[in-house]
Amino acid sequence: MSFDLDVLAIDPAASDDAVRAMVKRCSSSQHPEGELDDRIVGFYESLRARYPDFPPYRDDSPWMSMPLHVGIDHVSMNMTFGERSTPAIELILVLAERYGLTIYDPQGDEVTRPHG
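Rules used in this analysis
Residues numbered from 1 in each chain as written. Predicted model: local features only at pLDDT ≥ 70, side-chain atom pairs only at ≥ 80, totals over all residues. Heavy atoms only, no water. Helix = DSSP H or I, 4+ residues; strand = E, 2+ residues; numbered from the N terminus. Buried < 20%, exposed > 50% of the residue type's maximum accessible area, 1.4 Å probe, protein only. Pairing = 2+ DSSP bridges. Axes fitted to C-alpha atoms, helices over the stretch in contact; angles between N-to-C directions. Contact = heavy atoms within 4.5 Å. Phe/Tyr/Trp six-rings, centres within 6.5 Å; stacked < 30°, edge-to-face > 60°.

*Asks:* Could you clarify how one ought to interpret unusual backbone geometry in this entry?
*Replies:* Glycine aside, residues mostly have negative phi, and peptide bonds are mostly found in the trans state. Here the bond from Pro-55 into Pro-56 is cis, since omega is 0°, no more than 30 degrees from zero. Within the secondary structure, Pro-56 sits in the loop between α2 (38-50) and β2 (69-71). The linkage connecting Met-66 with the following residue, Pro-67, adopts the cis geometry, with an omega of -5°. Tracing the backbone shows Pro-67 in the loop between α2 and β2. The backbone of Asp-109 sits at a positive phi, close to 55°, despite the residue not being glycine. Its place among the elements puts Asp-109 in the loop between β4 (102-105) and β5 (110-112). Overall, the relative accessible area of 34% leaves Asp-109 in the partly exposed class.

*Asks:* Please clarify how the sheet that holds strand β1 (residues 2-8) should be interpreted in this entry.
*Replies:* Two orientations exist for strands paired in a sheet by backbone hydrogen bonds: parallel and antiparallel. Ordered by their spatial adjacency, 5 strands build an open sheet running β2-β3-β1-β4-β5, and the pairing between neighbours is antiparallel. Each edge of the open sheet is held by one strand with a lone partner, namely β2 and β5. Averaged over all adjacent pairs, the angle separating strand axes in this sheet is 20°, with direction ignored. Of the strand pairs in this sheet, β1 and β4 are connected by 3 bridges, and their pairing is antiparallel. Directly across from Asp-6, in β4, lies its bridge partner Tyr-104. Helix-sheet contacts for α2 involve β1, β2 and β3 (74-80), and the interaxial angle to β3 is about 30°.

*Asks:* So what exactly am I meant to see when it comes to the packing of aromatic side chains here?
*Replies:* Any pair of aromatic rings gets described here by the distance separating the centres and the angle formed by the planes. All told, the structure shown has 2 aromatic pairs when counted by the stated rule. Each ring, one from Phe-3 and one from Phe-81, has its centre 5.0 Å from the other, and the planes form 45°; the classification is tilted. Of the two residues, Phe-3 sits in strand β1 while Phe-81 sits in the loop between β3 and α3 (85-99), which places them 78 residues apart along the sequence. Relative accessible area serves as the criterion here: at 9%, Phe-3 is assigned to the buried category.

Functional significance is not addressed by these values, which are geometric in nature.
Shown next, in the form of structure tokens:
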């Protein structure tokens, strides 16, 4: 079993509908090209320093699909359920807050925004 999480460089004041629309756009072939958002770069580099998504993989990797899906304004992750994902989720929460990013959990349709 697996689950998905999306981390987005979107205005924290954006509505839940805007967050959902961005996730849909990010997973489509209509995604815009451009300059990488520095917050996404910092998040992704910090995350993969602990949980690489390119070989060599660690035994405790939480990823079900690698490499992670990274765009100019998002990182989408497909993760395993269980003990391996718990510390990764904790790190994702810390890093998203550090970089001012929004997290979308499509399973529960939950949006977690950075604290101001």
